[in-house]
Amino acid sequence: MPSPPEANDVFSLSDQLLAERLQFVKEIGFGNWGSVWLCRPKSSSGKHSDVEVAVKLVHRSKTPTTAARVRSLWNEMKIVRSFKHDPHPSIIPFHSFIITPSYALITMAYLPTLVPVEVSEPRAKQWFRSLLSGVHFLHSRGVVHNDIKPANILLSPANVPVLVDYGFAEKYDLQSSKAFHSNLAYGTPEYLSPERARGMPHDTRKSDVWSLGVTFFEILVGRTPFEHEEGEVFEKKEDLEKYWERTMRGKWVGNYTMSKQAERFLQRMIVPNADLRCTAADLMLDSYWEGSAISTNNVKTFHSEWHA
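### Let's talk about empty space enclosed by the protein
So, step 1. Enumeration according to the criterion identifies one cavity of 30 Å³ or more in this entry.
So, step 2. Empty space within the largest cavity amounts to approximately 70 Å³.
So, step 3. Per-element tally for the lining of the largest cavity: the top contributor is helix H5 (residues 204-221), with three residues.

Take a look at the structure:
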């Protein structure tokens, strides 16, 4: 893989040199794509630094699956790296890409705190504004995240929510007539828009907005709007189909508490018909942002009948 021009943050090292430069402290995440580690850089004398970085790592081996994972990591690096000199507070900062005979890895800022769920609306509202701004920032630069969910949102020390994990992200040529067009169906089931879940041709920006709306709902309520209870398990394909039928109906289930303004705002995002779903740019101008205070008199508990 050729290095980008003028790359001073893309390195090809030996395995030994990698071990001399990075201390792998502990594994903090994993999946079938690879793993994420908390690391500390070492000085030239081998002393450990107090600086902590997150490292997304893929093992290299001569198999098609592993090669695809390395290509995916390279693609993720190029997307996140493109914002290095054009940063946004809610987009994870990129540090470097390293490739060795045994590994390929991205180093990024380490943020240990996962965004909590079931929090008060006044506390969550500032997060929503920043995350929405981040998604609008991505879309305006031809990028879709494709896997927005609370598990991919961390809090910075300044209490700013940061969107991480761009393994599914795609970058489009904004001048292309096919920009943002897709018929792929992948992502986390509870956050997939109805059109994406079925592999229908769709605008990936609208699917990001759906996922963001479901995420906002979960941060407020503690579950997604179409789960009867938190952590609903989909053991069989039939279970998923029933869940996706609920999303197609668009009727939120169970009880939830939020202001009328928040409910109306989220209803512009969690719309089964993508043609009626707002864009991130539209939502940035929503009246929900007029005035930051949320009166306790205006917070309501809504009741919805649940159907399988």
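### Looking at the nonpolar core
So, step 1. Counting residues in hydrophobic clusters, the biggest one holds 70 residues, and the most contacted among them are Ile92, Phe97, Tyr166, Phe265, Leu266, Met269 and Ile270.
So, step 2. In terms of residue count, H5 provides more of this core than any other element does, nine residues in total.
So, step 3. Cys39, Val55, Leu57 and Ile98 belong to the second largest nonpolar core, which has nine residues in total.

### Comments concerning the sheet that holds strand S2 (residues 22-31)
So, step 1. With respect to topology, six strands assemble into an open sheet ordered S1-S5-S6-S4-S3-S2, the strand pairing being mixed. What marks the edges here is a single partner per strand, and that holds for strand S1 (10-12) and S2. Strand-to-strand twist of the sheet, defined as the mean angle between neighbouring strand axes without regard to direction, takes the value 25 degrees.
So, step 2. Relative to strand S3 (residues 34-41), S2 runs antiparallel, the two sharing eight bridges. Bridge pairing in S3 links leucine 22 to proline 41.

### With respect to the sheet that holds strand S7 (residues 113-114)
So, step 1. Reading across from one edge, S7-S9-S10 is the order of the three strands in this open sheet, with antiparallel pairing throughout. Each edge of the open sheet carries a strand with a single partner, namely S7 and strand S10 (161-163).
So, step 2. Bridging between S7 and strand S9 (residues 153-155) involves two bridges; their strand directions are antiparallel. The residue bridging leucine 114 from the neighbouring strand is leucine 154, located in S9.
So, step 3. Sheet contacts for helix H3 (residues 121-140): S9 and S10; angle to S10, the most-contacted strand, approximately 30 degrees.

Thresholds, definitions, all that
- Starting afresh in each chain, residues are numbered from 1 along the sequence in its written order.
- In keeping with the model being predicted, local features are shown solely for residues with a pLDDT of at least 70 and side-chain atom pairs are shown and tallied solely at 80 or more, while totals for entire chains, interfaces and linings include all residues.
- Hydrogens are left out, water is left out, and the side-chain values use all remaining heavy atoms of the structure.
- Of the grid points, spaced at 1 Å and generated over the protein atoms alone, those admitting a 1.4 Å probe that cannot get out make up cavities, while open sets with protein on both sides within 12 Å along at least five of seven lines make up pockets; any residue with an atom within 4 Å of a point is treated as lining.
- Grid points are joined across faces, edges and corners, and a volume is the space filled by probe spheres set on the points.
- Put simply, DSSP marks the helices as runs of H or I at least four residues long and the strands as runs of E at least two long, and each gets a number from the N terminus on.
- Joining through side-chain atoms within 4.5 Å is the link that ties buried Ala, Val, Leu, Ile, Met, Phe, Trp, Tyr and Cys residues into a set, and such a set is a nonpolar core.
- Buried means the residue's accessible area, taken with a 1.4 Å probe over protein chains only, is under 20% of the maximum for its type, while exposed means over 50%, and partly exposed covers the values in between.
- One requirement defines pairing of two strands: DSSP has to find at least two bridges between them.
- Each axis is a line fitted through C-alpha atoms, taken for helices only over the stretch in contact, and angles between the N-to-C directions span 0 to 180 degrees.
- Contacts were defined at the residue level, with two residues in contact if any of their heavy atoms lie within 4.5 Å.

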